[in-house]
Amino acid sequence: MPGLSSVGGKLLIARFDGGQLSSDGGLLALREVERRLGIADRLAACIDDPRSPERVRHRLAAILRFRMLMIAAGYEDGNDADSLRHDPVFKLALDTLPEGAPLCSQPTISRLENLPDVRALLRMARAMVGLYCASFRQVPRRIVLDIDDTFDAVHGGQQLRLFNAYYDEYGFQPIVVFDGEGRPVAAMLRPARRPTGAEARAFLRRLVREIRGHWPRVEILIRADSHYCAPEVLDLCRAERLDFLLGVASTTTLRRHVAALEQSTAARRAAMPGSDKLRRYKEFLDGAGSWSRVERIIARVEAGPQGTDTRFVVTNLAGGTPRQIYEDLYCVRGQAENHIKAWRRHLAADRTSCSRATANQLRLMLHTGAYWLLWSLRSLMPKRSTWRVAQFDTLRLRLVKLATRVVALKTRVMLHLPSACPDKVVLRLALERMPRLTC
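Since the structure is predicted, the reported quantities are computational estimates derived from the model, not experimental observations.

**Student:** Any chance you could break down the overall build of the protein for me, citing the residues and the numbers?
**Tutor:** Per the secondary structure count, the protein includes 15 helices and 14 strands. C-alpha extents for the protein along the principal axes are approximately 80 × 60 × 45 Å. Taken across its 439 residues, the protein has 51% of its residues classed as buried. Sequence-distant contacts in the protein: of pairs separated by 6 or more residues, those separated by 24 or more amount to 64%. Looking at the protein as shown, the accessible area adds up to about 21,800 Å², and 50% of this sits on carbon and sulfur atoms. Distance from the positive charge centre (69 side chains) to the negative charge centre (47 side chains) of the protein: 4 Å.

Have a look at this one:
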């Protein structure tokens, strides 16, 4: 390879002829995670395979597993499969010996992405909820579901694409659900517009009933911003016995309740030299004209150098002070933004470039499956370790991207990892703790 300067008077000659080498030695840890979770098998069981069994070379589960491992390792482009199908570590991760037949190619992956219909995708969505419920060692008494949507720009003629004036682009706006600990629960592709109350109600009803099909008595808290504070959603929460904590858009009616508090907060902050911001809270009962009843509304008034800022949330929680509900419960919802960031940025879940909406929906599920792999690997770390809160791109860089020489012997396969790997203790610990994974 030209362009390398000499060292100690000797020329440097680099060639891509190392043979059975891989740059993803830590992928085998993710293989063990996937084997325990069974994500590929769960999804493959939902798809009707039209191929003749005697002519099948790559099972659906193997194709799905290969694609999820590619995404987790940072290869979000399906075209990379044409090279990675010969990678010895990827072969081992797919239960194939290094000298065995190549893995599936990019065209095979593309055909699979276009295979499921709407009914199959619904079955796969239920399977992902089943995976979520199976990830708990015991049935929880209460779970928190953070619901949000995120903009996904597209640059072609994809089905369901829509122009969004706020982002000034065509795109999708999928609804994504995570629980309070960062586990993914659901992801639904939809056009780039604000979800209506009827749409949010239908989505939540299916999700809640599927969860309660596994856990009939679990308590569920729905947490979301003002997008989802619609009368249909509030009525659904009452009918399904759900707790809710939702943002409320500011209105003149609500502002009348806190006008005096805003003035006194601003005056008190001005009388406190050197103070940055001052927060005060108030709760009252009120409701929009479209609501079926009044609800408990909490107002947070904050006075700072830029003026006064007021936010409102609505809840049916009976206990807790306004400060506790807003700061300890509602503000934690901001962690959902970090989960979406990991899903989109670190795992490239916005690669929805297929022309068919069903194929793009399947891609969301595959990227969610890759999220499960890295989230589960991180959950094996000690609770007080910085690895327990490491970003997914950090996990990939430090634990997956490991140079490996693969040597196939008669009775075993030797994996020679770098002796100078700085995180070998962490990888060894994760493998030792692998039996702790639930599913």
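**Student:** Report on the sheet that holds strand S14 (residues 413-416), specifying residues and quantitative values.
**Tutor:** Judged by pairing direction, the sheet is antiparallel, and its three strands sit side by side in the order S1-S13-S14 without closing on themselves. Unpaired on one side and paired on the other, strand S1 (21-22) and S14 mark the two borders of the sheet. Pairing of S1 with strand S13 (residues 404-408) involves two bridges; the strand directions are antiparallel. Within the sheet, the bridge partner assigned to serine 22 lies in S13 and is threonine 404.

**Student:** I'd love a proper account of the pairing of S14, names of residues and values included.
**Tutor:** Bridge count between S13 and S14: four bridges; the pairing is antiparallel. Paired with arginine 405 across the two strands is histidine 416, which belongs to S14. Counting the residues that bridge the hairpin from S13 to S14 gives four residues.

**Student:** Hey, could you go over the packing of aromatic side chains for me, with residue numbers and the actual values?
**Tutor:** Counted according to the given criterion, the structure contains 13 aromatic pairs. Consider the rings of tryptophan 372 and tryptophan 375, whose centres lie 5.8 Å apart with planes at 80 degrees: the pair is edge-to-face. Of this pair, tryptophan 372 and tryptophan 375 both sit in helix H13 (residues 357-379), separated by three residues, roughly a single helical turn. Each member of the aromatic cluster is reached from another via a ring pair, and the members are Phe66, Tyr75 and Phe90. Lying over the aromatic face of tyrosine 170, arginine 161 brings its terminal NZ or CZ to 4.1 Å of the ring centre.

**Student:** Kindly report on the environment of phenylalanine 178, identifying the contributing residues and their values.
**Tutor:** For phenylalanine 178, the position within the fold is in strand S6 (residues 175-179). Residue classification places phenylalanine 178 among the buried positions, given a relative accessible area of 1%. For phenylalanine 178, the contacting residues outside a window of four places in its chain are Val144, Leu145, Asp146, Arg183, Pro184, Val185, His339, Ile340, Trp343 and Tyr371.

Conventions adopted
- Residues numbered from 1 in each chain as written.
- Predicted model: local features only at pLDDT ≥ 70, side-chain atom pairs only at ≥ 80, totals over all residues.
- Heavy atoms only, no water.
- Helix = DSSP H or I, 4+ residues; strand = E, 2+ residues; numbered from the N terminus.
- Buried < 20%, exposed > 50% of the residue type's maximum accessible area, 1.4 Å probe, protein only.
- Contact = heavy atoms within 4.5 Å.
- Areas by Shrake-Rupley, 256 points an atom, 1.4 Å probe, with all protein chains shown as cover.
- Lys, Arg positive; Asp, Glu negative; His and termini not counted.
- Charge placed at Lys NZ, Arg CZ, Asp CG, Glu CD.
- Pairing = 2+ DSSP bridges.
- Phe/Tyr/Trp six-rings, centres within 6.5 Å; stacked < 30°, edge-to-face > 60°.
- Lys NZ or Arg CZ within 6 Å of the ring centre and 35° of its normal.

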